[in-house]
Amino acid sequence: MIVRIMSEGQFDVADDALDRLNGLDDAVEAAVAAHDEEAFGDALTNLLDLVRQIGKEVPDEELVESDLVLPPSDASLAEVEDLLGADGFIPG
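This one's a predicted model, so the numbers in the text were calculated from it and none came from an experiment.

Thresholds, definitions, all that
Residues numbered from 1 in each chain as written. Predicted model: local features only at pLDDT ≥ 70, side-chain atom pairs only at ≥ 80, totals over all residues. Heavy atoms only, no water. Helix = DSSP H or I, 4+ residues; strand = E, 2+ residues; numbered from the N terminus. Rg over C-alpha atoms; globule rule 2.2 N^0.38 Å. Buried < 20%, exposed > 50% of the residue type's maximum accessible area, 1.4 Å probe, protein only. Contact = heavy atoms within 4.5 Å. Patch = residues over 30% accessible without salt bridge, like charges linked within 9 Å, V, L, I, M, F, W, Y side chains within 5 Å. Areas by Shrake-Rupley, 256 points an atom, 1.4 Å probe, with all protein chains shown as cover. Salt bridge = Lys/Arg side-chain N within 4 Å of Asp/Glu carboxyl O. Lys, Arg positive; Asp, Glu negative; His and termini not counted. Charge placed at Lys NZ, Arg CZ, Asp CG, Glu CD. Expected span 1.5 Å × (residues − 1). Arc of directions from axis to C-beta.

**Q** Just give me the short version of the overall build of the protein chain, but keep the residues and values in it.
**A** From N to C terminus, the protein chain includes 3 helices and 4 strands. Starting at the N terminus and ending at the C terminus, the protein chain contains elements arranged as β-β-α-α-β-β-α. In terms of overall size, the protein chain behaves like a compact globule, its C-alpha atoms giving a radius of gyration of 13 Å where 92 residues would be expected to give roughly 12 Å. Taken along the three principal axes of its C-alpha coordinates, the protein chain extends 40 × 25 × 20 Å. Residues counted as buried form 39% of the 92 residues belonging to the protein chain. Partitioning the contacts of the protein chain with sequence separation of at least 6, the portion at a separation of at least 24 is 67%.

What follows is the structure, encoded as structure tokens:
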């Protein structure tokens, strides 16, 4: 699956990583719901770091549709709250 981190780029992430990503996405959702800035920052950092660690960066010249779009690392809690869907960033 192709995961885009806004303002950073795309990463090709194996489909079998979906459960791990979903767990971190749940932590982001919980922190946003609780308006807990510290937990939010940690959860978002962990989610984006995992994508960077396990994903293979897609070259900029390669045009590929993103399956998932994640906020940039400097996004605020309020910005992420506006972006979150009913299932978070990662459905499932």
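Having seen it, we continue.
**Q** Go over a negative patch on the surface, please, and point to the residues and values.
**A** Judged by side-chain charge, Asp12, Asp15, Asp16, Asp19, Glu57, Asp60, Glu61, Glu62, Glu65 and Asp67 come together as a negatively charged surface patch. Tracing the backbone through its elements, the reader meets Glu62 in the loop between strand E3 (56-57) and strand E4 (68-70). Residue class for Glu62 comes out partly exposed when judged on its relative accessible area of 43%.

**Q** If you had to explain helix H1 (residues 18-33) to someone new, which residues and values would you point to?
**A** Its 16 residues place the ends of H1 22 Å apart at the C-alpha level, agreeing with the 22 Å of an ideal helix rising 1.5 Å per residue. On the buried face of H1, the contacting elements are helix H2 (37-54) and helix H3 (77-83). Where H1 ends, the next residue or the one after it, His35, has phi of about 55°, a positive value.

**Q** Can you lay out a nonpolar patch on the surface for me, pointing to particular residues and giving the numbers?
**A** On the surface, Met6, Val69 and Leu83 cluster together to form a nonpolar patch covering roughly 230 Å² of accessible area. Relative to the elements of secondary structure, Val69 occurs in strand E4.

**Q** Tell me about H2, and please be specific about residues and values.
**A** Taking 1.5 Å of rise per residue, the 18 residues of H2 would be expected to cover 26 Å, and the 26 Å separating its terminal C-alpha atoms lies within 8% of that figure. Within H2, the full set of buried residues consists of Phe40, Ala43, Leu44, Leu47, Leu48, Leu50 and Val51. Down the axis of H2, the buried set is contained in an arc of 150°. They therefore lie on one face. In H2, the exposed positions that point more than 90 degrees away from the buried face belong to Glu38 and Gln53. The inward-facing, buried residues of H2 abut strand E1 (2-5), strand E2 (9-12), H1, E4 and H3.

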